[in-house]
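# An overview of the molecular structure
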Amino acid sequence: MNVPKHVAIIMDGNGRWATKKGLKRSEGHLEGSKTLEKLAIHALGMGVEVLSVYAFSTDNFKRSKDEVDYLMNLFVKMFKTKFDKFNKKGIKVMFSGRKINLREDVIKSMEEIEEKTKENTSGILNICLNYGGQEEIIDGAIKLAKDINNGIDINNFTREDFYKYLYNELPPIDLLIRTGGEQRVSNFMLYQMSYSEFYFTNTLFPDFDKSELNKSLFMYENRDRRFGGINDIENG
Ligand code: FPP
């Protein structure tokens, strides 16, 4: 099977999942966190090398204080306890995003799980938290500008070279999944998705289980990725 190296998921639909069941939105996020736990172990166990997930965008701070607080508390709880399971499976957890505006206890729990799993080699879970794709490019450009001021040579600087200025030096995204029915990228990993295959599904994130993920991997296997070229048959 041709397994994508880097899969990214926009985990949308937690709120609607809860509302449809007559529950509070927060219960949708809790259920989403359980789905993420299972999916990460499944995907990285199948040979996906990096799984990036959109946990909280820079714009999500516009939500009600209650919802933001709930999500931040959920993150702390997950990173402190539930993610031990990831450690046991050899998964390395890393974060992409800005630390500014995040609570001290959230930052501390992020640093702890990063430190605890940093030597692991059985796949990477990259959690995008307080993350924006344009912000990542700006932050990278600022780092590059500093290096230029310090005299690095930028003749022959390539698009591959810019990856080391992003939050984490990860491979380009092969497969981008968005659950919850919307067909937009919402300021997610813009630099890394330039040649991604997109998979949009109406399934709400809490219901996006292993078999749903397998469907997206099957679709991926059957896509003809040309990266701007032409395929082998047309090439003769
Ligand atoms: C979008 O659904 C989802 C979020 C803003 C939060 C994603 C968070 C989780 C899946 C929780 C667990 C994450 C970690 C890293 C432990 P929405 O609220 O926009 O849903 P809606 O479109 O139905 O309102």
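Preceding block: the structure.
Only a predicted model underlies this, so the values are computations on that prediction, with no experimental measurement involved.

Our focus in this paragraph is the packing of helix α3 (residues 65–82) against helix α5 (residues 104–117). Packing of α3 against α5 leaves a shortest axis separation of 9 Å and a crossing angle of 25 degrees. Considered as vectors, α3 and α5 are oriented roughly parallel to each other. Judged by the twist between their axes, the crossing of α3 over α5 is left-handed. Two secondary-structure elements touch here, α3 through M72, V76, F79 and K80 and α5 through D105, V106, S109, M110, E112 and I113. Broken down by class, the residue content of the contact of α3 with α5 amounts to 6 nonpolar, 1 polar and 3 charged.

Let's shift gears to the site of the ligand. Close contacts around the ligand come from 17 residues, with D12, G15, R16, R25 and R63 the closest. For the ligand, an oxygen atom lies 3.0 Å from a polar atom in the side chain of D12. For the ligand, an oxygen atom lies 2.7 Å from a polar atom in the backbone of R16. Isolated, the ligand exposes 630 Å² of accessible area, and the fraction of that covered by the protein chains is 93%. Structurally, the ligand is housed in the largest pocket.

End to end, α3 covers 24 Å across 18 residues, agreeing with the expected 26 Å (1.5 Å per residue, within 8%). Of the residues making up α3, those classed as buried are E67, V68, L71, M72, L74, F75, V76, M78 and F79. For α3, the elements touching its buried residues are α2 (25–45), β2 (50–57), β3 (92–96), α5 and β4 (124–131).

This part is about the layout of surface pockets. Here the largest pocket defines a volume of roughly 630 Å³. What lines the largest pocket is a set of 33 residues, and nearest its centre among them are M11, Y54, A55, F56 and N60. Of all the secondary-structure elements, those providing two or more residues to the lining of the largest pocket are α1 (14–20), α2, β2 and α3. Across the lining of the largest pocket, the residue classes tally to 15 nonpolar, 10 polar and 8 charged. Its volume calculated, the second largest pocket comes out at about 300 Å³. Lining the second largest pocket are 15 residues, and of these E160, Y163, P172, S194 and Y195 sit closest to its centre. Of the residues belonging to the lining of the second largest pocket, the class tally is 7 nonpolar, 3 polar and 5 charged.

Counted under the stated rule, the structure contains 18 salt bridges. D12 is the partner of R16 in a salt bridge, and the nearest nitrogen-oxygen pair spans 3.4 Å. The salt bridge involving E115 is made with K118; its shortest N-O contact spans 2.8 Å. The partly exposed category is assigned to K118, whose relative accessible area is 39%. Members of the salt-bridge network, linked through shared partners, are D12, R16 and R178.

Attention now goes to the nonpolar core. Membership of the largest hydrophobic core comes to 43 residues, with the highest contact counts inside it found for I9, F79, F83, L125, I127 and L129. Ranked by residues supplied to this core, first place goes to α3 with 8 residues. Discounting residues that sit within four places of it in the chain, F83 has contacts with M78, V93, I113, L125 and I127. Listed in part, the 11 residues of the second largest apolar core include A8, Y54, I173 and M189.

With that settled, the discussion passes to the environment of F200. In this fold, F200 is placed in strand β6 (residues 197–200). Sequence-wise, F200 and Q183 are 17 residues apart; in three dimensions their C-alpha atoms are separated by 6.4 Å. Look past the residues within four positions of F200 in its chain and what remains in contact with it is R178, E182, Q183 and R184.

Calculation rules
- In this numbering scheme, every chain counts its residues from 1 along its sequence in written order.
- Residues qualify for local features only when their pLDDT is at least 70, as the model is predicted, and side-chain atom pairs are given and counted only at 80 or more; totals for whole chains, interfaces and linings, by contrast, use all residues.
- To obtain the side-chain values, all non-hydrogen atoms of the structure were used and water was disregarded.
- Axes, fitted as lines to C-alpha atoms, cover a helix only where it is in contact. Angles between the N-to-C directions of the axes lie from 0 to 180 degrees.
- Here a strand is any run of E in DSSP of at least two residues, a helix any run of H or I of at least four, and the numbering for each starts at the N terminus.
- Should an angle fall under 35 degrees it is called roughly parallel, over 145 degrees roughly antiparallel, and 65 to 115 degrees roughly perpendicular, with every other angle called oblique.
- Left-handed describes a crossing in which the near helix is turned anticlockwise from the far one by less than a right angle; the clockwise case is right-handed.
- By the convention used here, residues are in contact when the closest approach between their heavy atoms is within 4.5 Å.
- Note that Gly is not counted as nonpolar here; it falls among the polar residues with everything else outside the nonpolar set of Ala, Val, Leu, Ile, Met, Phe, Trp, Tyr, Cys and Pro and the charged set of Asp, Glu, Lys and Arg.
- Working definition: residue near molecule or strand if any one of its non-hydrogen atoms lies within 4 Å of it.
- Here a polar contact means two N or O atoms within 3.5 Å. Within protein one must be a hydrogen donor candidate and the other an acceptor candidate, and residues neighboring in sequence count only if both atoms are side-chain atoms.
- Per-residue accessibility takes into account occlusion by the displayed protein chains alone, with areas from the Shrake-Rupley method and a 1.4 Å probe.
- Lining residues are defined by having an atom within 4 Å of a point belonging to a cavity or pocket. Those points lie on a 1 Å grid over the protein atoms alone, cavities being sets where a 1.4 Å probe fits but cannot get out and pockets being open sets with protein on both sides within 12 Å along at least five of seven lines.
- Any molecule with more than half of its atoms within 2 Å of a cavity's or pocket's grid points is counted as sitting in it.
- By this rule, a helix spans an expected 1.5 Å times one less than how many residues it contains.
- Burial here depends on accessible area, computed with a 1.4 Å probe over protein chains only, as a share of the maximum for the residue type. Under 20% is buried, over 50% is exposed, and the range in between is partly exposed.
- Grid points are joined across faces, edges and corners, and a volume is the space filled by probe spheres set on the points.
- Throughout this description, the term salt bridge denotes a Lys or Arg side-chain nitrogen within 4 Å of a carboxyl oxygen of Asp or Glu.
- By nonpolar core we mean a set of buried residues, namely Ala, Val, Leu, Ile, Met, Phe, Trp, Tyr and Cys, connected to one another through side-chain atoms within 4.5 Å.

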